[in-house]
Amino acid sequence: MGDKMVASLESLQVSESVSYLTQKQAAEVDEELMGPLGFSVDQLMELAGLSVATSIFEVYKTSTYSRVLTICGPGNNGGDGLVAARHLYHFGYKPFICYPKRTPKTLYTGLVTQLESLSVPFLAVEDLPSDLSNDFDILIDAMFGFSFHGAPRPPFDGLIQKLVNLCKQDQLPKGAPVIVSIDIPSGWHVEEGDIGGNSIKPDMLVSLTAPKQCAKKFSGPHHFLGGRFVPPYIKDKYKLCLPPYPGSSMCVRIGKPPQVDISALRENYISPEFLEEQVDADPIDQFLKWFNDAMAAGLKEPNAMALSTVGKDGKPSSRMVLLKGVDKDGFVWFTNYESRKGHELSENPHAALLFYWDGLNRQVRVEGSVQKVSEEESEQYFHSRPRGSQLVAVVSKHSTVIPGRHILHQEYKNLEEKFSDGSLIPKPKHWGGYRLKPELFEFWQGQQSHLDDRLRYSSEAVDERLVWTIDRLAP
């Protein structure tokens, strides 16, 4: 069987470095996964549903697309939809389920119970509005997968027609829901696609394991691959060419993202109110509270900040640096004193910092005077860094023009050999820290329709004591 299987896959189509499976090939891959490789159907369903949910989250944010109707068929595709709905609930969406032909197997009844325990509404077909465009923002087509044969029967033929009606461009109302199909748009031929041209035209297709042949005919703006579970054995045996998944993501985009109108890009922030009576009197304490929130939210590099400086020529410059300390005395970062920012700070010892925490709809601006930290503090931090970072600080003549990257690599290699015995790497004299002593803070919390909260802390010396005044600024 193995030789026959490999032979049958020799005609596997590859387009733009991605493999596309026929219906027969997709079934054979599933048999391999759930046979000798030890995967169970519930494992694959869980991974598939999570992949669908993360793909949706990548494109359709809850602030605009919150109401999700998942239409589930009786098979595995419907199970994928049930799992996706559960994950979407935990991602902050408001899911609804239409599951007219329930499968009485334990796996499926368990998924239903899980959703019911979350108070996710189940809607009967007859309870659905005749026009789905007003009640939902996302419609997930989880009716039929690659194993389906023949013409859809009631009630799925009518449900498919509801989605088809939404796809007719001349009838689309403003703000119509987007359609997301799982693996195969229901009603499509697995290999030939939308043969008659009158089937669902989804806005997003989430292919699972590998795209099926019909995915070549998909013309919507968002095509994702989900199912980060294909072992190398399967890839090699079936000659699968699949794109790498980024980081820890469960989905990866196939093809180029759609062209967008930059002027139309906007976010309708949804955040708790940020009120004067809720904030700390000391802005450093308020900053630490928000910084700890960013840490707890798992945001990437919450200590990243834009540092803006201005030299004697009056021309501003900005760059991202990492905060390495904050206390009542101010904000500390380390760098090369001979860099552009170093020269500008020597000419004009004032700067502005900006922290932006996208996941919390928050930013903090800080302005103040800047001075170098003590040599002892710089020395202590320098030797706390990884040895590789210490070597780079020695090698790099920051912001100067160099002939090529190979020069840096060679100098780094030479220095690495010089200190290979683990001896202390001396801190360069031109490297050290700065401390910004804050004179002004602004805390910004994004809100709906850009009625944003902005609270400014400004300082004033009273009886040799720094006093902070809090004012609300118009958005």
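The preceding data block contains the structure.
The following paragraphs examine the structure supplied in this document. Since we're looking at a predicted model, the values are computed, not measured.

Phe 287, Phe 331, Trp 333, Leu 353, Phe 355, Val 364 and Phe 441 are the most contacted members of the largest nonpolar core, which totals 29 residues. Going through the elements one at a time, helix H8 (283-296), strand E10 (304-310), strand E13 (330-336), strand E14 (350-357), strand E15 (362-372), strand E16 (431-445) and strand E17 (453-462) are the ones with two or more residues in this core. At five residues, the largest contribution of residues to this core is made by H8. Discounting chain neighbours no more than four positions away, the residues touching Val 364 are Phe 287, Trp 290, Leu 353, Leu 354, Phe 355, Trp 357, Phe 441, Glu 442 and Phe 443.

Taken as a whole, this structure holds 20 salt bridges when the rule is applied. One salt bridge connects Lys 237 with Glu 32, and the closest N-O pair in it is separated by 3.3 Å. Here Glu 32 lies in helix H2 (residues 23-34) and Lys 237 lies in helix H7 (residues 232-237), a separation of 205 residues in the sequence. Each member of the pair Lys 237 and Glu 32 is classed as buried. With its nearest N and O atoms 2.8 Å apart, the salt bridge here joins Glu 344 to Arg 340. Pair noted here: Glu 344 and Arg 340 are both in helix H9 (residues 340-347), with a separation of four residues, about one helical turn. Of the residues examined, Arg 340 reaches a relative accessible area of 42% and is grouped as partly exposed. Through salt bridges with shared partners, a single network forms among Arg 365, Glu 367, Glu 442 and Arg 454.

Conventions we followed
- Residues numbered from 1 in each chain as written.
- Predicted model: local features only at pLDDT ≥ 70, side-chain atom pairs only at ≥ 80, totals over all residues.
- Heavy atoms only, no water.
- Core = buried A, V, L, I, M, F, W, Y, C linked by side-chain atoms within 4.5 Å.
- Buried < 20%, exposed > 50% of the residue type's maximum accessible area, 1.4 Å probe, protein only.
- Helix = DSSP H or I, 4+ residues; strand = E, 2+ residues; numbered from the N terminus.
- Contact = heavy atoms within 4.5 Å.
- Salt bridge = Lys/Arg side-chain N within 4 Å of Asp/Glu carboxyl O.

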